[in-house]
Amino acid sequence: MKKKWIVGFMMVLCLTTCSACSLPFELPFDVPFLNTSDAVSISGQEEVKVATVEQTADDMVAIRVLEETDVKLIHVMETLRADGFLNFTKDKQGMVTAVNGKENPSDWSACWMLYTSDTEFASAEWGGYEYNGFTLGSAVFGADALPVKKGEVYIWAYTSF
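Residues numbered from 1 in each chain as written. Predicted model: local features only at pLDDT ≥ 70, side-chain atom pairs only at ≥ 80, totals over all residues. Heavy atoms only, no water.

Counting secondary structure elements, the protein chain contains three helices and nine strands. Ordered by position in the sequence, the α and β elements of the protein chain form the string α-α-β-β-α-β-β-β-β-β-β-β. When burial is assessed residue by residue, the protein chain has 31% of its 161 residues classed as buried. Across the protein chain, the fraction of contacts at a sequence separation of at least 24, relative to all contacts at a separation of at least 6, is 53%. (Helix = DSSP H or I, 4+ residues; strand = E, 2+ residues; numbered from the N terminus. Buried < 20%, exposed > 50% of the residue type's maximum accessible area, 1.4 Å probe, protein only. Contact = heavy atoms within 4.5 Å.)

It is worth spelling out the pairing of strand E8 (residues 134-139) at this point. Of the strand pairs in this sheet, strand E6 (residues 110-116) and E8 are connected by two bridges, and their pairing is antiparallel. Bridge pairing in E8 links Tyr-115 to Ser-138. With six bridges joining them, strand E7 (residues 122-131) and E8 adopt antiparallel strand pairing. Each residue of the ladder has a partner; that of Tyr-129, found in E8, is Leu-136. Count of turn residues in the E7/E8 antiparallel hairpin: two residues, of which Asn-132 carries a positive phi of about 50°. (Pairing = 2+ DSSP bridges.)

Looking at the secondary structure, you find Ser-123 in strand E7. Setting aside anything within four residues of it in sequence, one finds Ser-123 in contact with Gly-137, Ser-138 and Val-140.

Time to look at the nonpolar core. Burial of nonpolar side chains together is a common tendency in soluble globular proteins. In terms of nonpolar packing, the biggest core is built from 24 residues, with Ile-63, Leu-73, Met-77, Leu-86 and Trp-156 touching the most fellow members. Of all the secondary-structure elements, those providing two or more residues to this core are strand E2 (60-65), helix H3 (73-82), strand E4 (96-99), E6 and strand E9 (153-160). Looking at this core, the element that brings in the most residues is H3, giving five residues. Setting aside anything within four residues of it in sequence, one finds Leu-73 in contact with Leu-114, Ala-143, Leu-146, Val-148, Tyr-154 and Trp-156. (Core = buried A, V, L, I, M, F, W, Y, C linked by side-chain atoms within 4.5 Å.)

Okay, here's the thing in structure tokens:
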């Protein structure tokens, strides 16, 4: 056990002192004090941009996924918010209640609706949204459960009823 700890410590020491090293590696055992996200930044690897805000207006935000990922739309949105490209709030149940400062009114006469180009997770029967010559279907899941896919577009549209 002591030998594993020493080897792990030496690997971490090597990573922290050799920031030019960009070779990917994995330790053959768990090191409890090594955070893998720190290891990525220490090794000098660039962070890959997973999504971008493709278009934004007062009543619409279009998000395009650029890379394969195993996360839900809400995680992509949280990353875009952290990077300063999107602002949104959600209630305790996880429902998005405001996008870029525009809030759902208390009488529900309008609200932010989610649409996607991903036909696997869209329903044309629930409504559609025209975008760049295509009709996107209403998302069958909320942002907290909607998987994202590379190349697909996810649109938040403020819709009046």
